[in-house]
Amino acid sequence: MSNAFKNISKIRYEGSASKNPLAFKHYNPDEIVAGKTMRDHLRFAVVYWHTFRGTGSDPFGAGTMQRPWDDGSNSIKNAQNRVRVAFEFIEKLGAPYYCWHDRDVAPEGKTLSESNKNFDAVAKVLKEEQQRTGIKLLWGTANAFSHPRYAHGASTSCNADVFAYAASQVKKAMEVTHDLGGEGYTFWGGREGYMTLLNTDLKREQEHLAAFLHMAVNYKKKIGFKGQFYIEPKPKEPTKHQYDSDSAACLNFLREHDLLPHFKLNIETNHATLAGHTMQHELEVAGAANALGSIDANTGDELLGWDTDQFPTNIYLTTYTMLSVLRYGGFKTGGVNFDAKVRRESFEPIDLFYAHIGGMDAFARGLKIAAAIRKDGRLAEFVKNRYASWDSGIGAKIESGKVGFKELEAYMLKQGEADANTSGRQEFLENLINEFI
Ligand code: XLS
Ligand code: NI
Ligand code: NI
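An account of the accompanying structure is given in this report. This one's a predicted model, so the numbers in the text were calculated from it and none came from an experiment.

**What about the packing of aromatic side chains?**
How two aromatic rings sit relative to each other is set out by the distance from centre to centre and by the angle between their planes. Applying the stated criterion across every chain, the model contains 25 aromatic pairs. The interplanar angle of 55 degrees and the centroid separation of 6.4 Å between the aromatic rings of Y194 and Y243 together place this pair among those described as tilted. Taken together, the positions of Y194 in strand β9 (residues 193-194) and Y243 in the loop between β11 (241-242) and α8 (247-256) put the pair 49 residues apart, joining distant regions of the chain. Classification of Y194 as buried rests on a relative accessible area of 14%. Ring geometry for F311 versus F338: centroids 6.0 Å apart, planes at 35 degrees, classification tilted. Highlighted residues: F311 in the loop between β13 (292-296) and α11 (315-327) and F338 in strand β14 (residues 336-338), separated in sequence by 27 residues. The class of F311 is buried, set by a relative accessible area of 11%. Judged by its relative accessible area of 1%, F338 is buried. The aromatic ring of Y165 is capped on one face by R149, whose charged end is 3.6 Å from the ring centroid. Cation over ring: K220 sits above F229, and NZ or CZ is 4.8 Å from the ring centre.

Structure (structure tokens):
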């Protein structure tokens, strides 16, 4: 067992009056909210990449993070030791889940078989630590974007060999996810897009992406992996345009290529922002198509136009997020995954605790507020009444498909003018939300 955070004991719930920065003020895992424990509603996950591999480097400067347990080498021994530190952290934090990319946990070798061997050697320790702590894998994924071979994309590369390499990498990552009892597997198309259309056969690239995903679906069946597949939308960065640009684009792509039954979406807040949408919009588009699977919880910065991946602390954001999540029946296979990183300036190990505690408390509050709004019922009742004209008369006839243009014209010729509209009451509803914040 590792002892990297020896001055920090298990993070406990102390209630909203507590002034202890290393305690939860709102996340009380055993507390029942809307019929379920907070633990089961929120299903928090810690990401391996930002939290244990993030160096704090940015385009203008080197890494800043102090990670005294890490010897900075690419050795298996260092990777295995890092796993033990990660589980010490996740256990002290009390998050039930974690997520990884293959190359976060184990170093890439000189050949594919060397990389697979490295991965196995580290996965062995992941398994031991999962068994020791009861912490589970929410989802695994493959990093098919960092290595220079993926410069033109992975499954959408112009180079067929790169497609084959990416397929081999995803195959292995799925096997390890399966072996570790992972509850899902995510596809984020890191460079599946284009920088310029001048050199791009868009149709062919998208067909390759679809073929790749069909291969993954087939392989999933073959190995008996029962976890949920997710696509994670993102409009740009690193490429200028990514094919999985937002919820609507993903759904269309999945439908067009007969993949929709096999996938749900993993919605990330900062990606929604980059797409020019709100998180709420992305969740509602996914939810309406019965494809809301999981969320990558983070936030962007209003004044910085890139994927800053900050920890979410905005109570409106978490409230609106949880309102949509509860509306669509809560998380089944997914959860609240903190795809977020501490700022370059927050370089001490203890900042990792402050960041996650803040995010978990913000989501706990969002959950409690959303549950209270639902219990109160006025918001839902307003929306229901707003559509009352569809519940009977001509509205009901339209919805049941009993009338067409001809009947509607006859109806309106008789009536002469449409019934008067009622107010949308946006300000009234915003005030109503504020009653609960
Ligand atoms: C990057 C993505 C990435 C995925 C996993 O912007 O959010 O971290 O979640 O590949
Ligand atoms: Ni993400
Ligand atoms: Ni992201």
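Here the narrative resumes, following the displayed structure.
**A few points about the environment of D246**
Mapped onto the elements, D246 comes out in the loop between β11 and α8. Classification of D246 by relative accessible area gives buried; the value is 13%. In sequence terms D246 and A364 are 118 residues apart; their C-alpha atoms lie 26 Å from each other. Those residues within four positions of D246 in sequence are excluded, and the remaining contacts are P233, A275, H277 and E282.

What counts and how
- Residues numbered from 1 in each chain as written.
- Chains lettered and ligands numbered in written order.
- Predicted model: local features only at pLDDT ≥ 70, side-chain atom pairs only at ≥ 80, totals over all residues.
- Heavy atoms only, no water.
- Phe/Tyr/Trp six-rings, centres within 6.5 Å; stacked < 30°, edge-to-face > 60°.
- Helix = DSSP H or I, 4+ residues; strand = E, 2+ residues; numbered from the N terminus.
- Buried < 20%, exposed > 50% of the residue type's maximum accessible area, 1.4 Å probe, protein only.
- Lys NZ or Arg CZ within 6 Å of the ring centre and 35° of its normal.
- Contact = heavy atoms within 4.5 Å.

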